[in-house]
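In case you want the letters, here they are:
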Amino acid sequence: MHFHRPSLFPGSRRLHLRLRRGYSTSSPGIADSSGLKLPLRGLRVLDLTRVLAGPYCTQILGDLGAEVIKVEHPTRGDDTRAWGPPYAPSKDGGKGESAYFLAVNRNKKSLGLSFKHPSGQRILQRLAKTSDILVENYLPGTLKKYSLDYQTLHQMAPHLIYASITGYGQTGPYKDRAGYDVMVEAEMGLMHITGEPEGPPVKVGVAVTDLATGLYCSNSVLAAVIARAGNGGMGQWIDVALSDCQVATLANIASSALISGKRDEGRFGTAHPSIVPYESFPTTDGNILLAGGNDRLYAILCQRIGRPEWITDPRFVTNEERVKNRKILVPMMAEITRSKTTQEWLEIFDSSGIPYAAVNDIQATLSHSHVLARDMVKTVHHPTCGDIKLVNTPVKYSDSTPGIRAPPPTLGQHTDEVLMDLLGFSSDEVEELRRDRVVA
C-alpha cells in the first residue's frame, strides 16, 4: 500500500511533540471546555475490549473524564452490537443499536480497525504511544501474534499502563481457557450458594462476575496511574482474572469456610444463614423483603405485624434461637404477610426503623421515585437512534462532575477523527485504508 507521504504515520509538530513526551500531557482533573470538572480529564485509554467486563471498566474511566478510544472490528464491531433484541430502532427504520451495547459503551470514540492487517497493527502501536492506558480482554498470547502484547508495547511505550482481563489470568493451569461469567460463577462457588434451598444452583440475574471484574480493573488502573507518578513515569502490566475477582467477592462466605474448615451451608434463597428473619415474604400481590437484623429490630417488626407475643416467645427471644427455629418462625410470618398488599405493608413499616423493601421488577425500579430523584436515568441523543434512556453513573461528587457526555458511538463513528486529528492522516490516506479494509 502506498501513501502520498513517505511515512505511514505522518504527523504535525503538535503530534511529534506529544509523542516525544510519550503520552497524554493534559492535567487530569481540570474542567473541560463545557465547564465540567472531570477527575480523569487528560488521560487517554485505548480500549481493545469487547462484551461486558472490559467495556464496563473503560466506561467507568470514560464517565470520569478519560478519553476512551474503542477499537472495534471494522465490519461487525463489538460482539454485543448483535446481541438483541431489544434494539433502539434507528430513525431511518433500520435495526439500530442493541440495548446490551448501549449499556456499557457511552463516553467512547469508536475506531473501526482490523489489527490482523499490518497497517492496523502499526496504527495501534502509534496510538499506544499516545495513550496512558490500554485495556484488552483477549486470551493470553493472542495479541502477541500482532505485536500488541505488553512486552512489545512496553518497549515502544514504557509509560503505558496495560490491563489484561481474562477468564483465568495470565498464569495457572486454566490460563488458556476461555472464561465467561456464568462458567466462572459456577466453578468459583457463586452459583452453588445462589438459589432456593431445595432448588438447583442458579446464576445471578446479571453478569455480576463480569461487572465486579470491570470494577476491580478500573480501580487497579487508577492505582497504577498514581504509582506511575512516583515511578519515573513507568507503566506496568495489570493481570485481572474473572476467577480471581469471583473468589475475592465471596467475601464473608469464603472467610467462614476458611476459618471453620467446613463446607458452606449451601443455598438460602433470599434468606440469611445467620440472621432470622431476613428474607423475602409473600404479599397478596407480590413480595416484600424484611430484615430483623437484631433483637431490637425484631421486636419492632413483631409490633408492626401485630404479633407482640412473639417478642418474648422462648423460641424466638434471641437471634440464635430464631436461627434454630427458622422453619417455625418464617412460615408463621409468611401467613401474616399474605394478608395485605405490598403497598399496605410498606405503609405499615414506614418510619419504623426496620429495613424493608418491595421486591420490584426492572421497569418499576427504573421508574422508582428515589431512582429518579437520584438522577439515575438520563435521556441522551444518539446520532442514529434519536433520544434514548441510559442508566447514569452512580457516584455523586461534591466538586467533580462526571457523567454521560456522549452517547454510545456508532461503529467507526470516530475513525476519521482519530486518524486525522490524532495521528495526522490526510483524508485521502484514510480513504485508502478503507479501500484496503483496514479501517471502517
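Residues numbered from 1 in each chain as written. Predicted model: local features only at pLDDT ≥ 70, side-chain atom pairs only at ≥ 80, totals over all residues. Heavy atoms only, no water.

Per an unreviewed UniProt entry, the chain goes by CoA-transferase family III domain-containing protein and derives from Tuber borchii. UniProt, in its Sequence similarities (unreviewed entry) section for the chain, records the words "Belongs to the CoA-transferase III family." (UniProt positions renumbered as here; feature names shortened; annotations may be inferred.)

A. Region of interest: the sheet that holds strand 5 (residues 109-112). Taken together, six strands build an open sheet; the order of strands is 5-2-1-6-7-8 and the sheet is parallel. Looking along the sheet, the strands with just one partner apiece sit at the ends: strand 5 and strand 8 (237-241). Across the sheet, the axes of successive neighbouring strands diverge by a mean angle of 20°, strand direction being ignored. Strand direction decides the pairing type here: strand 1 (residues 44-48) and strand 6 (residues 133-136), joined by four bridges, are parallel. Across the sheet, L48 pairs through a bridge with E136, a residue of strand 6. Sitting on the sheet, helix 7 (residues 208-229) is in contact with strand 6, strand 7 (161-166) and strand 8, with an inclination near 160° to strand 7. Set on the sheet, helix 16 (residues 415-422) makes contact with strand 1, strand 2 (67-72) and strand 5; between it and strand 5 the angle comes to about 90°. (Pairing = 2+ DSSP bridges. Helix = DSSP H or I, 4+ residues; strand = E, 2+ residues; numbered from the N terminus. Axes fitted to C-alpha atoms, helices over the stretch in contact; angles between N-to-C directions. Contact = heavy atoms within 4.5 Å.)

B. Structural context of the environment of T58. Here T58 is to be found in helix 2 (residues 53-63). Owing to a relative accessible area of 0%, T58 belongs among the buried residues under this scheme. Setting aside its immediate chain neighbours within four residues, T58 contacts V45, D47, T49, V68, K108 and V135. (Buried < 20%, exposed > 50% of the residue type's maximum accessible area, 1.4 Å probe, protein only.)

C. Main features of a nonpolar patch on the surface. On the surface, a cluster of nonpolar side chains totalling about 300 Å² of accessible area is made up of Y180, V182 and M183. Y180 gets classed as exposed once you look at its relative accessible area, which sits at 56%. (Patch = residues over 30% accessible without salt bridge, like charges linked within 9 Å, V, L, I, M, F, W, Y side chains within 5 Å. Areas by Shrake-Rupley, 256 points an atom, 1.4 Å probe, with all protein chains shown as cover. Salt bridge = Lys/Arg side-chain N within 4 Å of Asp/Glu carboxyl O.)

D. View of the sheet that holds strand 10 (residues 287-291). Pairing in this open sheet of three strands is antiparallel, and the strands run 9-10-11 from one edge to the other. Where the open sheet ends on each side, the last strands, each with one partner, are strand 9 (278-282) and strand 11 (356-358). Averaged over all pairs of adjacent strands, the angle between their axes in this sheet comes to 20°, without regard to strand direction. Of the pairings in the sheet, the one linking strand 9 to strand 10 comprises five bridges and is antiparallel in character.

E. The arrangement of the pattern of salt bridges in detail. All chains considered together, the criterion is met by 19 salt bridges. Its salt-bridge partner being E67, residue K109 comes within 2.9 Å of it at the nearest N-O pair. Of this pair, K109 sits in strand 5 while E67 sits in strand 2, and the two are 42 residues apart along the sequence. Notably, a salt bridge pairs D416 with R434, separated by 2.7 Å at the nearest N-O pair. With D416 in helix 16 and R434 in helix 17 (residues 427-435), the pair connects residues that are 18 residues apart, well separated along the chain. Its relative accessible area of 25% is what places R434 among the partly exposed residues.

F. Summary view of the domain arrangement of the chain. On domain assignment, one finds that the chain holds domain 1 (44-251 + 377-436) and domain 2 (278-358). On a C-alpha basis, the centres of domain 1 and domain 2 stand 44 Å from each other. (Domains from an automatic or database assignment.)

G. Layout of the packing of helix 2 against helix 7. Packing of helix 2 against helix 7 leaves a shortest axis separation of 8 Å and a crossing angle of 45°. By the angle between their directions, the pair helix 2 and helix 7 is classed as oblique. Both helix 2 and helix 7 take part in a crossing whose hand is right-handed. Facing helix 2, whose interface residues are A53, Y56, C57, I60 and L61, helix 7 presents D210, L211, T213, G214, L215, C217, S218, V221 and L222. Of the residues that constitute the contact of helix 2 with helix 7, the class distribution is 10 nonpolar, three polar and one charged. (Parallel < 35°, antiparallel > 145°, perpendicular 65-115°, else oblique. Left-handed = near helix turned anticlockwise from the far one by under 90°. Nonpolar A, V, L, I, M, F, W, Y, C, P; charged D, E, K, R; others polar.)

H. Spotlight on the side chain of S98. On the secondary structure map, S98 appears in strand 4 (residues 97-98). With a relative accessible area of 0%, S98 lands in the buried category. Side-chain polar atoms of S98 contact the backbone oxygen of T80, separated by 2.5 Å. (Polar contact = N/O pair within 3.5 Å; in protein donor to acceptor, adjacent residues only side chain to side chain.)

I. Representation of the side chain of R81 in the model. Here R81 is to be found in the loop between strand 2 and strand 3 (87-88). Note on R81: relative accessible area 9%, which makes it buried. A polar contact of 3.0 Å, which involves the side chain of R81, links it to the backbone oxygen of P409. Dropping the residues within four chain positions of it, R81 is found in contact with E72, R76, Y87, E97, S98, F101, S110, P409, T410 and L411.

J. Structural context of the environment of V377. Locating V377 in the fold gives a position in strand 12 (residues 377-382). Linking V377 and S280, residues 97 residues apart in sequence, is a C-alpha distance of 27 Å. Once residues within four sequence positions are removed from consideration, V377 is found in contact with L366, V371, L372, K389 and L390.

K. Examining the packing of aromatic side chains more closely. Enumeration over the complete set of coordinates arrives at 10 aromatic pairs. Geometrically, the ring pair formed by W310 and F316 is edge-to-face, given 6.5 Å between the ring centres and 70° between the ring planes. No difference in accessibility class separates W310 from F316, as the two residues are buried. Ring centres of F349 and Y356 lie 5.9 Å apart, and the angle between their planes is 40°; on these two criteria the pair is classed as tilted. (Phe/Tyr/Trp six-rings, centres within 6.5 Å; stacked < 30°, edge-to-face > 60°.)

L. Spatial organisation of the nonpolar core. Judged by nonpolar contacts, the single largest core of 30 residues is most densely connected at L46, I123, L124, L127 and L419. For this core, the leading source of residues is helix 4 (residues 118-130), giving four residues. With near-sequence residues (within four places) excluded, L419 lies in contact with L111, I123, G424, F425, V430, L433 and V439. (Core = buried A, V, L, I, M, F, W, Y, C linked by side-chain atoms within 4.5 Å.)

M. Looking closely at the packing of helix 16 against helix 17. The geometry of helix 16 relative to helix 17 is characterised by a closest axis approach of 10 Å and an angle of 135° between their N-to-C directions. Overall, the two elements helix 16 and helix 17 adopt an arrangement that is oblique. Pair helix 16 / helix 17 crosses with right-handed handedness. Along its contact with helix 16, which presents T415, D416, L419 and M420, the element helix 17 presents S427, V430, L433 and R434. Looking at side-chain class alone, the contact of helix 16 with helix 17 contains four nonpolar, two polar and two charged residues.

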